[in-house]
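The primary structure of each chain is shown beneath.
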Amino acid sequence: MTTTDLPASLIPTLSGQYYTDPAIFALEQSHVFEDMWFCAVRSSDLPTPGSFKKVQVGSESVLVVRSRDGQLRSFLNICRHRGAQICTEESGAVKRAFQCPYHAWTYDLEGKLVAAPNLTKMPDVDRVQYGLVPVALREWLGYAWVCLAKEPPSFEDEVVGEIVERLGSVEAIDHYQLDSLSVGRRITYDVKANWKLIIENFMECYHCATIHPELTEVLPEFADGYAAQFFVGHGAEFGDDVQGFTVDGSEGFDRLPGVEEDQDRRYYAITVKPTVFVNLVPDHVIFHRMFPVSADRTIVECDWLYSHEVVESGRDVTRSVELFHRVNEQDFAACERTQPAMSSRAYANGGVLVPSEHHIGAFHDWLTQRLAR
Ligand code: FES
Ligand SMILES: [Fe+2]
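Per an unreviewed UniProt entry, the recorded name for the chain is Rieske 2Fe-2S family protein, and the organism is Geodermatophilus telluris. Among the UniProt annotations of the chain, the heading Cofactor (unreviewed entry) holds the following wording: "Fe cation".

A. Spatial organisation of the domain arrangement of the chain. The domain boundaries assigned to the chain delineate domain 1 (38–147) and domain 2 (168–371). One C-alpha centre belongs to domain 1, the other to domain 2; they are set 32 Å apart. Listed per partner, the contact involves 15 residues of domain 1 and 18 residues of domain 2. Between domain 1 and domain 2 the total buried area reaches about 1200 Å² when both faces are included, carbon and sulfur atoms providing 62% of it. Its largest share of buried area at the contact with domain 2, domain 1 owes to Arg42, Leu141 and Tyr143, together 43% of the area lost on that side. Along the contact surface separating domain 1 from domain 2 lie two salt bridges. Every element with two or more residues in the side of domain 1 that touches domain 2 is listed here: strand 2 (38–42), strand 3 (51–57) and strand 11 (143–147). Here the side of domain 1 that touches domain 2 gets five residues from one element, more than from any other, and that element is strand 2. By residue class, the composition of the side of domain 1 that touches domain 2 is nine nonpolar, three polar and three charged.

B. Quick look at the side chain of Glu357. Inspection of the secondary structure assignment puts Glu357 in the loop between strand 18 (352–353) and helix 9 (360–371). Buried and without a salt bridge, Glu357 has Arg337 as its closest oppositely charged side chain, separated by 14 Å.

Quick notes on the rules
- Residues numbered from 1 in each chain as written.
- Chains lettered and ligands numbered in written order.
- Predicted model: local features only at pLDDT ≥ 70, side-chain atom pairs only at ≥ 80, totals over all residues.
- Heavy atoms only, no water.
- UniProt positions renumbered as here; feature names shortened; annotations may be inferred.
- Domains from an automatic or database assignment.
- Contact = heavy atoms within 4.5 Å.
- Buried area = accessible area lost by both parts, 1.4 Å probe.
- Salt bridge = Lys/Arg side-chain N within 4 Å of Asp/Glu carboxyl O.
- Helix = DSSP H or I, 4+ residues; strand = E, 2+ residues; numbered from the N terminus.
- Nonpolar A, V, L, I, M, F, W, Y, C, P; charged D, E, K, R; others polar.
- Buried < 20%, exposed > 50% of the residue type's maximum accessible area, 1.4 Å probe, protein only.
- Lys, Arg positive; Asp, Glu negative; His and termini not counted.

Okay, here's the thing in structure tokens:
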């Protein structure tokens, strides 16, 4: 970061290399994605014992699996014999075991080594010790969060704490009962931009009036650029003539059963570092997970979550999906428009943040402190 003699209104951003340098991205992999709780999969994507999903967490390939006892477990996707990747498919289901395609070492759904050619002739090989390497896993809000750190940080402080800091209490999100909601739509975006540009964009609303005509129609206070998500407990209010959080402001669905009066007709946006955004509206939840691929590419998976009844009944969710899908496309286009500039000499010392963006400076401080650990 630069410390130039900026006018008081402006504070510096990170310099351009933070968004382009593979060495910095590698540091982020080890100090951020592999060291924090990383939101990996929607639990309901693994419905039955043997269902699995492969997820890239930092530099590691991780398998998340539903075990025979119904619990989710996760392991490094690496065979303990000579290191072949166990699963190459993105997701799928096995009957009762994972078999390495190289020499056929076989692991049960709890990760234990259960079979291998000539294993009975090697009675000294401990089947747990030579099982798949386990990875810490917690389920919350209907998602499985994994952590590769040797000693995982407190989930309550690191993940729950971010929500509490924003909403004022954990009950405020409990009202939406995210773990009982169903995925009404999922859209995956391949964004040619650094993951931090996507976070920074999500953290400010200075751009809303310029690029989000539909969103500012529904949430008029977003038009002044100051409706930042950092005011504790503040939800942006729907416009007077707006009936629901839909692309044309037309009626949505019934309020989710737990959502309280003071949360009705309001939109709350929450950033859970490093890779999750949660958007709460009365009748649904929009949940973003980022999967950083390289310094200049990020996959974003976005789930639109509705009550089980809405999804089961086959009601048309198009108008409510369309609103945030447009917001996503507008935001990601802005990020992609910015990414090439990160390697320009014009951005060698970074850019500036205006007062309604100053809280992004705290994100930059957080990041540089983590990378310096
Ligand atoms: S590497 Fe997996 S069985 Fe040999
Ligand atoms: Fe935006």
